Structure formats: C-alpha cells, structure tokens
2 protein chains.
Amino acid sequence: MNTPHKGLDITTAKSSRLDQVDFDNLVFGKYYADHMMICDYKDGAWQTPQIMPYGPMEMEPSSKVFHYGQAVFEGMKAFKDADDKVWLFRPEDNFNRINISSKRMAIPEFPKEYFFDALNTLLKLDSEWIKKGDGNSLYIRPFAIGTEYGVSASPSNEYKFIIICCPAKAYYSTPVKVLISDHYSRSADGGVGYAKAAGNYGASFYPTNLAKEKGYQQVIWTDANTHEYLEEAGTMNVFFRIGDKLITAPTSDRILDGVTRKSIIDLAKHEGIDVEVRRIKVGEIVEAAKNGTLKEIFGTGTAATIAQISGFEQDGTFYDLPEVENPYNVKLKKMLQDIQYNRAEDPFDWRYAVETK
Amino acid sequence: MNTPHKGLDITTAKSSRLDQVDFDNLVFGKYYADHMMICDYKDGAWQTPQIMPYGPMEMEPSSKVFHYGQAVFEGMKAFKDADDKVWLFRPEDNFNRINISSKRMAIPEFPKEYFFDALNTLLKLDSEWIKKGDGNSLYIRPFAIGTEYGVSASPSNEYKFIIICCPAKAYYSTPVKVLISDHYSRSADGGVGYAKAAGNYGASFYPTNLAKEKGYQQVIWTDANTHEYLEEAGTMNVFFRIGDKLITAPTSDRILDGVTRKSIIDLAKHEGIDVEVRRIKVGEIVEAAKNGTLKEIFGTGTAATIAQISGFEQDGTFYDLPEVENPYNVKLKKMLQDIQYNRAEDPFDWRYAVETK
Ligand SMILES: Cc1ncc(COP(=O)(O)O)c(C=O)c1O
Ligand SMILES: Cc1ncc(COP(=O)(O)O)c(C=O)c1O
C-alpha cells in the first residue's frame, strides 16, 4: 500500500468491438469491453498500471496460479443514469475486500490510487459499453493472480492485478429453488471462506452440479461441523423472512461479507423492518416453512442484486414458499436499484460518481 | 474415460536447453525439461494430446481458472538407475488420484492411455534431463485447468491437461521444525482437502508464512472443528513414532491419500514395525514428547520423500525430539529409495519401467 503513485500507462484500442455485441440477447461473460488494466508486481512492488486493449496474455505453464491457486477477485458494477452519468456502488468496499482476500491468500495488497485510477480510466474509455435501463450495467472484474513460474509450493514473488469489464443485464429473473447442503461444505473455521479466493468457487461446482441434477439452481451452504446452521449460497448471502422479521447469518471467517448484504440490512432497517443478524438453524426454517410463518427467502449479491428463492429442499423434502403480498425482496431490490441508478436520494452516501467526459 | 485413443502429435524442440542447467546448484522449479504435453478438452472430449517444446501459452484474462480455481495437479518422479534405465514409482496411483481430484473440482477425467503415452513419450524425449544418483530425479507435474473464457461462476467447458517436468534433487535435507495449527485450518469435512486442488495450497501459504516468522518451516494441520486431531503437513502426510510403534492418521475427505504414505506403511509392516493407522490427538503427542516416548516425527511426500521433523510447537511450547539410534525414518527412506532407484527387489510391484531407447 506504500507504493508511490506513478500514474497509468494508456494504450487505447485501434477500434471498438462494441458493434459486435448483441445487447438484446446478451450472454453474460461473452463480450469484454475494449480495454483492461494489467498491473505487474515484481521486485517487491506494484509496477505502473497499464491500460491496454482487452486480449490474451502469455503465461508460463509453471505459473503458480495454475498449481497453487493464489487467485482472488472482486465483482462490482457500473450503472448509467438517465442523464448518461456513470456511477459505481460502494467501490471502496470492493477495494477493501480484495485486499482482505489477498492478505489471506498471501498476495500483496494493491494500492488504492491504482485501483481507483484504473476504474475511472477504464470506465471513461469504455463508457459506451454501459447501457442505460433497469438491470443493465457494466460488470467489473478486478482480480489478482500469482504469475511467477516455478512448481515449488510457496507464495509467488510475482503477480498480476487485472481489471476486465463485461456488459451485464439482470439475471436470475425467475425465482430459484435451492438445496440445503447436508454433506458437502464450502469452507472451514480458520479457512478462506471469507475471502473471494478462486478455489472456493471451483470447489462448489461439483456439489452444485449434483444439486442441479436434482432440479435446484443453487446450494445453500451450512456449517461444515454440524450442517445445522445456514450460511450462504454460491455467490449470494441469504435472507429469511419469518413473519415480518428479516433474518440473515452473521459474517464470519467462513462467510463472505457481501456488499449487497450489508446494504440490504441498512435499507431494511431504514424502512422500519425488524432485522436480526444471528445464526439461523436449518430446523428453524423448516419449522417456519411447516407452520406457514416463512414468508420469503432471497439471496443478495452484486451479480444477481436480489434473487427470490421460491423453495428449498432439506433432507429429502421440498418446501415450497407461498406467494406473499408486497414482498420485502421486491421492495428492497427497487430501493437498492433506485440508488444504484441515481433515481433516488442516497442517504447512505453509497454512490460514487465516475467522470466520463 | 471413453475417449478413443488417437495417439499423440509430437513437435520436438529445435535445440535442447539442457546445457543451461547448473545441476550442481539446482534450484527446484527453475528449469523445465525441453518438452511438455498439452491436451485440450473441448466440445465434450479430450482432443489429441500435443507434445511440444516447453514454453509460454496464450490465455484469456477471463479464463475460468483465474477466477474460479478449477485446477488440480499431481506430483511424481522419474528415477534413473545405474544402467541408465528410467523408472516411475506407482504412476497409476497418481493417475487415479488426479481423476479423483478432477471429479471433485468438476473437471472431466483424463483418459489413462493419454496419460501414460504422454509420460512415456516425454521421458523418452527428455531422458537426458534425468540424472543418476541418490536424490536426483525428474519431477513430473501433470495438471489440469479450466480455460474457457467467461466470468460467470460455473464450470468451464474447456480445459487443458498439461504435463511439465523439471529436474530435482533431494530437499529438506536438514530436519524441519513444525508448528501445530490451533487456529487456521486446511480443509473441512465435505470439502476438497482430499483433492490436490490448487486452492488448498494457496490457502495454506498465509498461515505457513506466520509459522515461518516464528521459525518453523511447516505447519501440521489439525481438524478444523476442534484442532484436537493431527492431520497432515503442507505437502506431506505425517508419521509419529511412539515407543516402537509408528502411527499415522487415516485418510479422509480432509486428508490427501499420499502415495508415499501408503508405501511407507507397507514398508514398515514389511520390516515388522507395528503400524497403527488411527486418529491421533495432539494431546497424545505432547504427552509422549513430555514423557520421552515420542521418538520420531517425519513427513512423507513425493517431493521430500521422507523429511525428518526434529521438533514442534504446540500452544506456545516447543518440544524438541531426542536423537534416536537407527531411526525408522532413515531406514524407511533408504528402503523406499532403493526400490525407486532399482537398487533392491520390488516385492510390491511398485516400479514402472519407462522405455527410453
Ligand atoms: C460467496 C459469496 N457470497 C456472497 C456474495 C455477495 O457479495 P456482494 O454482495 O458483495 O456481491 C458473493 C459475490 O460477490 C460471493 O461470492
Ligand atoms: C497435502 C498433501 N499431503 C500429502 C502429500 C504427499 O503425497 P504423495 O506421497 O503422494 O506425494 C502431498 C503431496 O503430494 C500433499 O500435497
């Protein structure tokens, strides 16, 4: 973090690939904005960040990231308002979190000025990639990988911090069904579950595939010790509404401290909703589903914003949630998006204006 | 596994880099043998394996391995005997294990013929890279990574299975001191600890760095739930000798099923040593250290073969192990290496002859 600020080197793309994108039938992650940022770490310091055309890079087959998984990432979004102004949502939290993740994965922390300079520069260069309209955004993926070559199991001495961007529209638009895990686990006490470490996600794919074979889109993870406590979903924190109360698990070293999660907690409280942050037993949810007090379940995350969960399987039984009037998830999602798209006041000071002119 | 065998495509290196290697001052992982194997998986099948000169490859910044850590690997060694014959040690176990790891990380399994054809071809082409003499070997690193581009958190549809090789000599030649973990953990029940998944190693670097700052080379992991049971070290399984008994933890979904571990168990039994495979309490080892019955601790792994552990720290106290006469670790290491280097009978049929002429 003490690296002195040296500015950015910028090489712009000769031509834009924007006209190749079918925005009406957008496949998330298929198209990348014209520019990316790559910053190398070597000789103990982050070098001058390079803005350059998006494209492949050369990697040694012995690069540490392939063997030892030193890799962390973030996910954030840029929104365009009715006046073509571009906004980020709580980007400082993503910046802080990637450094928390990096520390746990023995990756050197990235300087703040570099991060924000790169974001501002990329979004200015590629502002045309950000489309207006509800659900539309430019998804921003900062990530860091160990690039030193060498197959000995020790931290890399060289890294790349990269930012790539791709256009996104709303997804998970239909409610999802989830499986509550009673065998597989996502993370351990003293482990890396609180970090956005690449390996956490790869590790979840096989159990998620098994859930998909049973007709579920996602797994809700439980604690690895007892499988009695509800934790989070693949890329979302999870909220349960019992009666008029909104409950979500506390963060821990097993659970990601989601930016959307904490925003939803604040918005719900602001709306006068009774929010409880505490451990939640699987049994409590099953009981509430049986006696009809379980009104809603939803996931929160940057990619999905809020994804309604319409039912869950636990221990072989499927519990279908009833339709409720004026659901919290719809109201809270609207409140959140109104702030993100600059359609409402921002009482919490969450918006970050990007200079694109 | 049903992919029909289509043979290999071979492009040989124009010239060898062998003369650049300083074998007297070998740095492990610095030099790679002239050839590598890359096999692509796409359209639902492994394509024809390519043997080609070792060198960098092009990767999309959005390749899944960088973001979601779908990456598994193996570590094996080729040995050269006094007659210049080349041998692998139980390669079938490594082949089986990488597919076990792959399955857990939602990576398609690799065909057996491809694996062995590639190994035989590489070792024939690069047989000069294998040096004779105790401790010398060619370290072989097969690995598989998700290469499809796209930042959505789902399994890759494209992979590369790669084999690279690098010359190795004995390491950990001086006894190591270890720290017994009482906070950080390596893996969870229902997790991926039994897989050689890249992320497991990156996750261990930070706690290992903390141990190094205290003067320890390695961490011995304990179970994440209670930290009461001894599991394994960073890249080694661990054996404890109490009195004349040799004890090691059973494998589980948290512990790697080490090839060296099971070989040492068999060799020890063959020598008439009393071997117990059972859970071991930290308290039992501390007690044995105190009353003088703890005679030896050693780690077993392909890279280190057998690494003697001369002491450990637990809960702030350092326990130094006494020097013992005719230690098991020395005798068992010799027995193992005599088989590996074809200097002794091979009663267990562990050696695999490589045709290099
Ligand atoms: C494991 C996990 N939990 C929760 C979240 C939600 O976090 P955020 O709201 O910051 O996107 C994510 C995705 O970012 C995640 O990967
Ligand atoms: C976590 C872990 N445990 C144990 C081992 C030892 O296994 P093997 O003897 O098969 O090399 C390794 C290394 O391969 C490892 O990575």
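By the naming in an unreviewed UniProt entry, chain A is Branched-chain-amino-acid aminotransferase, taken from Mesonia algae. Per its UniProt entry, chain A bears the Cofactor (unreviewed entry) comment "pyridoxal 5'-phosphate". UniProt lists a comment for chain A under the heading Function (unreviewed entry), and it reads "Acts on leucine, isoleucine and valine."

A common way to state how big an interface is: give the accessible area lost once the parts meet. Residues and elements named next belong to chain A. When cut into domains, chain A gives domain 1 (2-168) and domain 2 (176-340). Here domain 1 and domain 2 have C-alpha centroids that lie 28 Å from each other. Contact with domain 1, which involves 19 residues of that partner, is made by 22 residues of domain 2. Of all residues in domain 1, Phe-89, Arg-97 and Arg-104 bury the most surface against domain 2, accounting for 34% of the area lost on that side. On the surface where domain 1 and domain 2 come into contact, there are 1 salt bridge.

In total, this model carries 42 salt bridges over all chains according to the counting rule given. One salt bridge in this structure joins Lys132(B) and Asp84(B), with 3.0 Å as the shortest N-O distance. Pair noted here: Lys132(B) is in the loop between helix H3 (112-125) and strand S9 (137-146) and Asp84(B) is in the loop between strand S7 (76-80) and strand S8 (86-89), with a separation of 48 residues, a long-range link. Where Glu276(B) meets Arg278(B), a salt bridge forms, and the shortest distance between an N and an O atom there is 2.6 Å. Since its relative accessible area comes to 27%, Arg278(B) is described here as partly exposed. Taken together, the shared-partner salt bridges in this structure form one network comprising Asp134(A), Lys334(A), Asp338(A) and Arg343(A).

Further remarks concern the interface of chain A and chain B. Tallying the contact residues gives 61 residues for chain A and 61 residues for chain B. A buried area of about 5,000 Å², summed over both sides, lies between chain A and chain B, and 64% of it is on carbon and sulfur atoms. Among the residues chain A hides against chain B, the three largest losses belong to Pro61(A), Phe66(A) and Phe205(A). Together they make up 14% of the total. At the junction of chain A and chain B, the tally comes to 0 salt bridges. In this assembly, chain A and chain B are joined by 21 residue pairs in polar contact (both at pLDDT 80 or more). Where the side of chain A that touches chain B is concerned, the elements lending two or more residues are strand S5 (57-59), helix H1 (64-68), strand S6 (71-73), helix H2 (91-104), strand S9 (137-146), strand S10 (159-168) and helix H4 (198-213) of chain A. The leading source of residues in the side of chain A that touches chain B is H4(A), at 9 residues. Residue classes in the side of chain A that touches chain B are distributed as 35 nonpolar, 19 polar and 7 charged. Note: S5(A) against strand S5 (residues 57-59) of chain B, 3 bridges, orientation antiparallel. The residue of S5(B) that forms the bridge with Met57(A) is Met59(B).

Residue and element names in this part refer to chain A. Here Thr-208 shows up in helix H4. On the accessibility criterion, Thr-208 (12% relative accessible area) is buried. Through-space distance from the C-alpha of Thr-208 to that of Gln-218 is 6.1 Å; in sequence the pair is 10 residues apart. If near-sequence neighbours (up to four positions away) are discounted, Thr-208 is found in contact with Gln-217, Val-219 and Trp-221.

This paragraph deals with the pairing of strand S8 (residues 86-89) of chain A. One face of the sheet, then the other: side chains in a regular strand alternate in exactly this way. Residues and elements named next belong to chain A. The side-chain alternation of S8 yields two buried faces, one formed by Val-86 and Leu-88 and the other by Trp-87 and Phe-89. The hairpin turn running from strand S7 (residues 76-80) into S8, its antiparallel successor, is 5 residues long, and Asp-84 in that turn takes a positive phi close to 70°. As paired strands, S8 and strand S20 (residues 351-354) are joined by 4 bridges and run antiparallel to one another. Counterpart to Leu-88 in the pairing with S20 is Tyr-352.

Moving on, we get to the relation of the copies chain A and chain B. Taken as rigid bodies, chain A and chain B are interconverted by a rotation of 180° and an axial shift of 0.0 Å, the fit giving an RMSD of 0.0 Å. Read as a symmetry element, the transformation amounts to a two-fold axis. Comparing interface residues between copies, 100% of those in chain A also sit at the interface in chain B, which points to an isologous, same-surface contact.

A few words now on the site of ligand 1. Residue and element names in this part refer to chain A. The environment of ligand 1 is made up of 16 residues, and the closest members are Lys-196, Tyr-201, Glu-232, Thr-260 and Thr-302. Between ligand 1 and Arg-97, the relevant distance is 2.8 Å, taken from an oxygen atom to a side-chain nitrogen or oxygen of the residue. A distance of 2.7 Å is found between an oxygen atom of ligand 1 and a backbone nitrogen or oxygen belonging to Val-259. Coverage of ligand 1 by the protein amounts to 97% of the 390 Å² it exposes when considered alone. A class-by-class count of the residues in the shell around ligand 1 yields 4 nonpolar, 8 polar and 4 charged.

Residue and element names in this part refer to chain A. Across the 5 residues that make up strand S12 (residues 218-222), a large majority, 5, are buried. Of the two faces of S12, the one holding Gln-218, Ile-220 and Thr-222 and the one holding Val-219 and Trp-221 are both buried throughout. The parallel pair strand S11 (residues 176-180) and S12 is bridged by H4, and the resulting crossover is right-handed.

Turning to the site of ligand 2, a few remarks are in order. Residues and elements named next belong to chain B. Around ligand 2, the structure places 16 residues, and the nearest of them are Lys-196, Tyr-201, Glu-232, Thr-260 and Thr-302. The separation between an oxygen atom of ligand 2 and a polar side-chain atom of Thr-260 is 2.5 Å. Contact with the protein chains hides 97% of the accessible area of ligand 2, taken as 390 Å² for the molecule alone. For the shell around ligand 2, the secondary structure elements donating two or more residues are helix H5 (259-270) and strand S17 (294-301). A per-class count over the shell around ligand 2 returns 4 nonpolar, 8 polar and 4 charged.

Residue and element names in this part refer to chain A. This model, assessed by the stated rule, comprises 53 aromatic pairs over all chains. Arranged with centres 5.2 Å apart and planes meeting at 85°, the rings of Phe-28 and Tyr-139 form a pair that is edge-to-face. One end of the pair, Phe-28, is in the loop between strand S1 (9-10) and strand S2 (35-42); the other, Tyr-139, is in strand S9, with 111 residues separating them in the sequence. Residue classification places Phe-28 among the partly exposed positions, given a relative accessible area of 25%. By relative accessible area, which is 6% here, Tyr-139 ends up buried.

It is worth spelling out the UniProt feature "modified residue: N6-(pyridoxal phosphate)lysine" (unreviewed entry) in chain A at this point. All names here are of chain A. As recorded in UniProt, the sites labelled "modified residue: N6-(pyridoxal phosphate)lysine" (unreviewed entry) are Lys-196. A relative accessible area of 10% places Lys-196 in the buried class. In contact with Lys-196, not counting residues within four places along its chain, are Ala-71, Val-72, Phe-73, Glu-74, Gly-75, Arg-97, Ser-101, Tyr-201 and Leu-256.

Reading guide: rules and limits
- Residues numbered from 1 in each chain as written.
- Chains lettered and ligands numbered in written order.
- Predicted model: local features only at pLDDT ≥ 70, side-chain atom pairs only at ≥ 80, totals over all residues.
- Heavy atoms only, no water.
- UniProt positions renumbered as here; feature names shortened; annotations may be inferred.
- Domains from an automatic or database assignment.
- Contact = heavy atoms within 4.5 Å.
- Buried area = accessible area lost by both parts, 1.4 Å probe.
- Salt bridge = Lys/Arg side-chain N within 4 Å of Asp/Glu carboxyl O.
- Helix = DSSP H or I, 4+ residues; strand = E, 2+ residues; numbered from the N terminus.
- Buried < 20%, exposed > 50% of the residue type's maximum accessible area, 1.4 Å probe, protein only.
- Polar contact = N/O pair within 3.5 Å; in protein donor to acceptor, adjacent residues only side chain to side chain.
- Nonpolar A, V, L, I, M, F, W, Y, C, P; charged D, E, K, R; others polar.
- Pairing = 2+ DSSP bridges.
- Least-squares fit on C-alpha atoms with pLDDT ≥ 70 in both.
- Near = heavy atom within 4 Å.
- Areas by Shrake-Rupley, 256 points an atom, 1.4 Å probe, with all protein chains shown as cover.
- Right-handed = clockwise from strand over helix to strand, strands pointing away.
- Phe/Tyr/Trp six-rings, centres within 6.5 Å; stacked < 30°, edge-to-face > 60°.

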